Amino acid sequence: LAASNTVLSKQHSVQKATTAKRLCVVEFGDLVQIKKQLISVISLLALFEDAQDLDALGLAKSYFDLKEYDRAAYFLRGCCSQKAYFLYMYSRYLSGEKKKDDETVDSLGPLEKGQVRNEALRELRVELSKKHSAGELDGFALYLYGVVLRKLDLLKEAVDVFVEATHALPLHWGAWLELCNLVTNIEMLKSLSLPDCWIRDFFMAHMYTELQMIKEALQKYQSLIEAGFSKSTYIMSQIAVAYHNIRDIDQALALFNELREQDPFRVENMDTFSNLLYVRSMKPELSYLAHNLVEIDKYRVETCCVIGNYYSLRSQHEKAALYFQRALKLNPRCLGAWTLMGHEYMEMKNTSAAIQAYRHAIEVNKRDYRAWYGLGQTYEILKMPFYCLYYYRKAHQLRPNDSRMLVALGESYEKLSQHVEAKKCYWRAYSVGDVERMALLKLAKLHEQLNESDDAAQCYIIYIQDIFSCGEQLEHAEVSTALRYLGQYYFKNKLYDEASLCAQRCCDYNDAREEGKALLRQISQVRDQTESSTTDLPLQPLFGEPQLFHVYV
């Protein structure tokens, strides 16, 4: 009897456990069904909202496409859906921008143009901030809120809102690009809390390119190619732009030519391609590109910039400036057009207009080193070295390994009689790879002015070795200057063999031939009078391996 009771109790407990499991399954199944029903109801409500606003949204969208922004906003006043609200606010924003552009065209001078503002921005900010505090903004509305904050120069708040927009709608590339324009350095980039999405890698690669971190950018793009974007023309164009930024012109030109073969009707980035053709003075190729883009779309910003570069290469600077102005009418925030127009005004000796153009470029993007460098050159023409120093420093901060910025900085320091800093800049320019082969020459001349003859001679020796090793000795006029100085230096130090070699080399150049002959005669007279007794000096032979004479870094 006890055994049978035990069996019955076990069966009863098993039945209870089975019943409990069935109840749990039933309850869990009910919860899943309830969740699905709730989702369907919510989606139906959203569709109902959209359906309610469908007619007004369609009408307003038609007016919006016709650029009648006030009419579009008027017919969307009472709409409740997220789409309608975004279009309503965006229409009001663009209406204010359009009125601002009209006032800018009608204004008389640059001072008045700088005072023209979008009057709708403050109202939009108040309304959007209320919605934002209540958490009622979707990804598109957050993007618009960020744009409004940026326009009002509330940059910190704008960054936070754009980050929020990328979380709400990760695939909206416009929000990423706006965020890109506000990031100023790598520390700020690392501090951002970005969504973990595949498009983040595109943003990081783009950001590395903007911050002149070309090695990291190329690695990122290579990883994207390996991840499945091998046929992306966007990635190819960005890699070409990266090579353009580090002045690897041959590689950039090869990539752009390949891009043109794969996508012959592409207009994006062709202005950068034209910059490369301009630097290489490739007139036929630039002419063909300009004509081809005119056939594709003559009213694109890139087309106007390419035509402007073509006229600039032909030294028709007035026409070039005209086409850059056309580009800016199409897109007032076109960075390249502002910078290139500043260059054209510099060519026309219109310094005030050049300064204005460069300042506009900096307003569009403070990371544009060309605009900072252009401002430095402009103030150099105006003989204002303190201003030059400030702008060249800004350019150098953006391009720390660009020898042109360092040479310009050295020249500014030299004009301000800050010779120690000038020496450091010239030597640093030589160390990072002197593009124009002028840093050592300027350093040698500075030593010469300061009566530091040994250091000047060392600089001239390394300069001549570099020129001769590249086979450019007949193209560089300054070689004769270096040879002249070294000939006199060796003669004074009674190193007659080296002095004779320098004098003979001087005879190869028209501007130094007579001095070379005169030095040879002096050497001959001295040798005839007495036997040469040279003293050992810490100088290497002229064409031997250079020794380090000072570490200026």
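Everything quoted here is computed from the prediction, not taken from an experiment.

Visitor: Where do I start with the overall build of the protein in this structure?
Guide: Along the backbone of the protein there are 29 helices and zero strands. Sequence-distant contacts in the protein: of pairs separated by 6 or more residues, those separated by 24 or more amount to 54%.

Visitor: How do you make sense of empty space enclosed by the protein when you look at a structure like this?
Guide: It is the rolling of a water-molecule-sized probe over the atoms that shows where space remains empty. According to the stated counting rule, one finds one cavity of 30 Å³ or more in the structure shown. As a volume, the largest cavity reaches approximately 40 Å³. Elements with a minimum of two residues in the lining of the largest cavity: helix H27 (478-492), helix H28 (496-506) and helix H29 (513-529). No other element matches H29, which puts three residues into the lining of the largest cavity. Classifying every residue of the lining of the largest cavity gives three nonpolar, two polar and two charged.

Visitor: Can you walk me through the confidence of the model for the protein in this structure?
Guide: The predicted coordinates of low-pLDDT regions are not to be read in fine detail. Per-chain confidence: the protein averages 83 in pLDDT, with 83% of residues scoring 70 or above. Helix H5 (residues 110-115) is the least confidently modelled element of the protein, averaging 49 in pLDDT, while helix H17 (residues 301-313) averages 95, the highest of any element. Here residues 41-48 is a poorly scored stretch, pLDDT under 50, and it has zero contacts once near neighbours within four places are set aside; other chains count. Confidence over residues 108-113 falls short of pLDDT 50; this stretch has four contacts with residues more than four positions distant or in other chains.

Visitor: For this particular structure, what's the right way to read the packing of helix H25 (residues 439-449) against helix H26 (residues 453-469)?
Guide: Helix-helix packing: each pair is described by the crossing angle between the helix axes and the interaxial distance. Running from N to C, H25 and H26 point in directions that differ by 160 degrees, and their axes come no closer than 8 Å. On the basis of the axis angle, H25 is roughly antiparallel to H26. Both H25 and H26 take part in a crossing whose hand is left-handed. Contacts between H25 and H26 involve Leu 440, Leu 441, Leu 443, Ala 444, Lys 445, His 447 and Glu 448 on the former and, on the latter, Asp 455, Ala 456, Cys 459, Tyr 460, Ile 462, Tyr 463 and Asp 466.

Visitor: Explanation requested: the UniProt feature "repeat: TPR" (unreviewed entry) in the protein in the structure shown.
Guide: Sequence positions flagged by UniProt for "repeat: TPR" (unreviewed entry) are, in local numbering, residues 301-334 and 335-368. Span residues 301-334 is 79% helix and 0% strand, its end C-alpha atoms 8 Å apart. With 79% helix and 0% strand, residues 335-368 has end C-alpha atoms that lie 8 Å from one another.

Visitor: How should I be thinking about helix H6 (residues 121-133) in this particular structure?
Guide: Residues that lie three or four places apart on an α-helix share one face, since the helix turns once every 3.6 residues. Relative to the 18 Å expected for 13 residues at 1.5 Å per residue, H6 spans 18 Å between its end C-alpha atoms, a close match to the ideal helical length. Those residues of H6 lying buried are Leu 121, Leu 124 and Leu 128. On an axial view of H6, the arc spanned by its buried residues comes to 60 degrees, and they lie on one face. Across from the buried face of H6, at angles greater than 90 degrees, the exposed residues are Arg 122, Lys 130 and Ser 133.

Visitor: Any chance you could explain the packing of helix H24 (residues 419-431) against H25 here in plain terms?
Guide: The N-to-C vectors of H24 and H25 enclose an angle of 150 degrees; their axes lie 8 Å apart at closest approach. Comparing the axis directions of H24 and H25 gives the class roughly antiparallel. Seen from above, H24 lies across H25 with left-handed handedness. The residues of H25 that touch H24, namely those facing His 419, Ala 422, Lys 423, Tyr 426, Trp 427, Ala 429 and Tyr 430, are Ala 439, Leu 440, Lys 442, Leu 443, Leu 446 and His 447. For the contact of H24 with H25, the class distribution of residues is nine nonpolar, two polar and two charged.

Visitor: What is the right way to look at the packing of aromatic side chains in this model?
Guide: Any aromatic ring pair is given by two values, namely how distant the centres are and how the planes are angled relative to each other. Counted according to the given criterion, the structure contains 26 aromatic pairs. The interplanar angle of 25 degrees and the centroid separation of 5.2 Å between the aromatic rings of Phe 256 and Phe 273 together place this pair among those described as stacked. Placement of the pair is Phe 256 in helix H14 (residues 249-262) and Phe 273 in helix H15 (residues 270-279), with a sequence separation of 17 residues. The buried category is assigned to Phe 273, whose relative accessible area is 5%. One aromatic cluster is present, formed by Phe 64, Tyr 69, Phe 86, Tyr 90, Tyr 93 and Phe 140 through successive ring pairs. For the cation-ring pair, Lys 131 lies above Tyr 85, with the distance from its terminal atom to the ring centre recorded as 4.7 Å. Residue placement shows Arg 326 over the ring face of Tyr 323; its charged tip is 4.6 Å from the ring centre.

Visitor: Please clarify how the nonpolar core should be interpreted in this entry.
Guide: Across soluble globular proteins, nonpolar side chains have a tendency to be buried as a group. Of all hydrophobic cores here, the largest spans 111 residues; its most connected members are Phe 256, Met 270, Tyr 463, Leu 486 and Tyr 490. Considering every element that reaches this core, the biggest residue donor is H26, with nine residues. Tyr 85, Val 163, Leu 194 and Met 204 belong to the second largest nonpolar core, which has 54 residues in total.

Visitor: Can you walk me through the layout of surface pockets in this structure?
Guide: Estimated volume of the second largest pocket: approximately 830 Å³. If you go around the second largest pocket, you meet 26 residues; those closest to its centre are Arg 247, Tyr 278, Val 279, His 343 and Arg 404. If you list the elements that add at least two residues to the lining of the second largest pocket, you get helix H13 (233-245), H15, H17, helix H19 (335-347), helix H21 (369-381) and helix H23 (403-415). A per-class count over the lining of the second largest pocket returns twelve nonpolar, seven polar and seven charged.

Visitor: How should helix H8 (residues 155-168) be read in this particular structure?
Guide: Compared with an ideal rise of 1.5 Å per residue, which puts 14 residues at 20 Å, H8 spans 20 Å between its outermost C-alpha atoms and is within 8% of the ideal. All of the buried residues in H8 are Ala 158, Val 159, Val 161, Phe 162, Val 163, Ala 165 and Thr 166. On the buried face of H8, the contacting elements are helix H7 (139-151), helix H9 (173-182) and helix H10 (186-191).

Visitor: Looking at this model, I keep getting lost on unusual backbone geometry. Mind explaining?
Guide: You will see that Ser 315, though not glycine, has its phi angle at about 65 degrees, which is positive. In this structure, Ser 315 sits in the loop between H17 and helix H18 (317-330). On the accessibility criterion, Ser 315 (53% relative accessible area) is exposed. Backbone geometry at Lys 494 places phi at a positive 60 degrees, although glycine is not the residue there. Structurally, the position occupied by Lys 494 is in the loop between H27 and H28. On the basis of relative accessible area, Lys 494 is assigned to the partly exposed category, the value being 45%.

Cut-offs and rules
Residue positions within a chain follow its written sequence, with the count starting from 1. For a predicted model such as this one, the threshold for reporting local features is a pLDDT of at least 70, and the threshold for listing and counting side-chain atom pairs is 80 or more; totals across whole chains, interfaces and linings nevertheless cover every residue. No hydrogens and no water enter the side-chain calculation; it runs on all heavy atoms of the structure. A helix here means a DSSP run of H or I that spans at least four residues, while a strand means a run of E at least two residues long, and both kinds are numbered starting from the N terminus. In this analysis, two residues are considered to be in contact whenever any of their non-hydrogen atoms come within 4.5 Å of each other. Cavity: a set of points on a 1 Å grid over the protein atoms alone where a 1.4 Å probe fits but cannot get out. Pocket: an open set with protein on both sides within 12 Å along at least five of seven lines, its lining residues, like those of a cavity, having an atom within 4 Å of a point. Grid points are joined across faces, edges and corners, and a volume is the space filled by probe spheres set on the points. Amino acids are sorted into nonpolar (Ala, Val, Leu, Ile, Met, Phe, Trp, Tyr, Cys and Pro), charged (Asp, Glu, Lys and Arg) and polar (every other residue, Gly among them). The predictor reports its confidence for every residue as pLDDT, a score running from 0 up to 100. Axes here mean lines fitted to C-alpha atoms, for a helix over just the part in contact, with angles spanning 0 to 180 degrees between N-to-C directions. Angles below 35 degrees are treated as roughly parallel, those above 145 as roughly antiparallel, those between 65 and 115 as roughly perpendicular, and all remaining angles as oblique. Helix crossings fall into two classes, left-handed where the near helix is turned counterclockwise from the far one by less than a right angle and right-handed where it is turned clockwise. UniProt positions are given in the numbering used here, feature names are shortened, and annotations may be inferred rather than shown by experiment. Given the number of residues in a helix, its expected span is that number minus one, multiplied by 1.5 Å. Per-residue accessibility, obtained with a 1.4 Å probe over protein chains only, is compared with the maximum for each type, and a residue is labelled buried under 20%, exposed over 50%, and partly exposed between these values. Directions pointing from the helix axis toward each C-beta atom define the arc. Stacked, tilted and edge-to-face pairs are distinguished by plane angle, under 30 degrees for stacked and over 60 for edge-to-face with tilted covering the rest, among Phe, Tyr and Trp rings (Trp via its six-membered ring) whose centres lie within 6.5 Å. The rule is short: NZ of Lys or CZ of Arg within 6 Å of the ring centre and within 35 degrees of the ring normal puts a charge over the ring. Note on terminology: a nonpolar core comprises buried Ala, Val, Leu, Ile, Met, Phe, Trp, Tyr and Cys residues joined through side-chain atoms within 4.5 Å.

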